[in-house]
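Structural description and commentary
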Amino acid sequence: MKKCILVLVLVQLTLSCGEKTKEITITPDNSKGRDAIINNILADKNFYDEPNMHLYAAVNDGQPNITRGLINFKEIPKNSIIDSAFLHFKFNTESIYGKENFGENHFCISRIVSPWNDQDVTWNTQPVTSPFNVVYQDKVVLNNNPNRINVTKLVQEISDDYDNSYGFQLKLINENQNTILIMASSNNPKEELRPSLKIYYREKK
């Protein structure tokens, strides 16, 4: 019996050693058009070519003004084992929306589960998001980067259900106060500022 167990363990170790971890970094650019922002005040207007992926909330005369972000990474490997995945954003020092982040700008990232197109999506046509495995990110102060956000579970969901997954939605957790988080979008002219998604994965047997 002990010999059988030992053989099984050795077989498992051999199989696991044969699984090679792959790495991919996905960085959309302005020619691919992978992101957009939407705003509730300009609810029928499309903002697909903005250099910023800013999240914004304000209350003016009792009326909320809210901006959310959408981004898609279409090269996420299908039907794979995702060991880890990290989303990277950079602060945009040349943003027209200000020179620093402020307010309680905690935000969350959700998986989008209905189709959208960056060149025509608006607040009124914004896609549906999943309530599962939402990632909550801490407050970002001054001009720091909300960098290396662990989205492993979300990317695993996308890999498992690729045909019903359409990227991420980013929104402030509290959209009822004055706050802003300024990030560069994939349309930013500076390549080093554009968002990216780094994935470590293995192919399923």
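This text goes with the structure placed above it.
All values derive from a computational prediction rather than experimental measurement.

In this section: the packing of aromatic side chains. Summed over all chains, the structure comprises one aromatic pair. With 6.1 Å between their ring centres and 55 degrees between their planes, F73 and F168 make a pair best called tilted. Of this pair, F73 sits in the loop between β4 (63–71) and β5 (80–88) while F168 sits in strand β9 (residues 168–172), placing them 95 residues apart in sequence. Comparing F73 with F168, the two get one shared label, buried. R148 extends its terminal NZ or CZ atom over the ring of F86, reaching a point 3.8 Å from the ring centre.

Right, let's talk about the pairing of β9 for a bit. Across the five residues that make up β9, a large majority, four, are buried. Alignment of β4 against β9, held across three bridges, turns out to be antiparallel. Its bridge partner being in β9, I71 is matched across the sheet by F168. Taken together, the five bridges between strand β6 (residues 107–111) and β9 define a ladder with antiparallel strand orientation. What sits directly across from R111, in β9, is F168.

Here E175 is to be found in the loop between β9 and β10 (179–181). By relative accessible area, E175 is classed as buried at 10%.

Let us look at the nonpolar core. Among the nonpolar cores identified, the biggest contains 30 residues, and I109, V151, F168 and L197 are the most heavily contacted of them. Excluding residues within four positions of it along the chain, I109 makes contact with L87, V134, V135, I149, V151, L154, F168, Q169 and L170. The next biggest cluster of nonpolar side chains, apart from the first, holds nine residues, and it includes I38, I66, I112 and W123.

Turning our eyes to something else, we now look at the side chain of N105. Along the chain, N105 turns up in the loop between β5 and β6. Accessibility expressed as a relative area gives 0% for N105, which makes it buried. Reaching out from N105, the side chain makes a polar contact with the backbone nitrogen of V140 at a distance of 2.7 Å. Dropping the residues within four chain positions of it, N105 is found in contact with K139, V140, L172, T179, I180 and L181.

So, about helix α2 (residues 152–160). In an α-helix, one turn spans 3.6 residues, which is why side chains three or four residues apart end up on the same side. Buried residues dominate α2, accounting for seven of its nine residues. Among the residues making up α2, those that are buried are T152, L154, V155, Q156, E157, I158 and S159.

Here we take up the sheet that holds strand β11 (residues 196–203). If you trace the four strands from one edge of the open sheet to the other, you get β1-β11-β5-β8, paired in antiparallel fashion. Lying at the two open borders of the sheet, with one neighbouring strand each, are β1 (22–26) and β8 (149–150). Summarising the sheet, β5 and β11 pair through eight bridges and their orientation is antiparallel. Residue S84 lies in a different strand from β11, and its bridge partner there is Y200.

What follows concerns the pattern of salt bridges. Within the structure shown, the criterion is met by ten salt bridges. E157 is paired through a salt bridge with R111; the nearest N and O atoms lie 2.9 Å apart. Of this pair, E157 sits in helix α2 while R111 sits in strand β6; the two residues are 46 residues apart in sequence, bridging distant segments of the chain. Under the relative-accessibility criterion, R111 is labelled buried at 8%. The residue D161 makes a salt bridge to R111 at a minimum N-O spacing of 3.6 Å. Highlighted residues: D161 in the loop between α2 and β9 and R111 in strand β6, separated in sequence by 50 residues. Among the charged side chains, a network of salt bridges with common partners joins R111, E157 and D161.

Cut-offs used in this document
Residues numbered from 1 in each chain as written. Predicted model: local features only at pLDDT ≥ 70, side-chain atom pairs only at ≥ 80, totals over all residues. Heavy atoms only, no water. Phe/Tyr/Trp six-rings, centres within 6.5 Å; stacked < 30°, edge-to-face > 60°. Helix = DSSP H or I, 4+ residues; strand = E, 2+ residues; numbered from the N terminus. Buried < 20%, exposed > 50% of the residue type's maximum accessible area, 1.4 Å probe, protein only. Lys NZ or Arg CZ within 6 Å of the ring centre and 35° of its normal. Pairing = 2+ DSSP bridges. Core = buried A, V, L, I, M, F, W, Y, C linked by side-chain atoms within 4.5 Å. Contact = heavy atoms within 4.5 Å. Polar contact = N/O pair within 3.5 Å; in protein donor to acceptor, adjacent residues only side chain to side chain. Salt bridge = Lys/Arg side-chain N within 4 Å of Asp/Glu carboxyl O.

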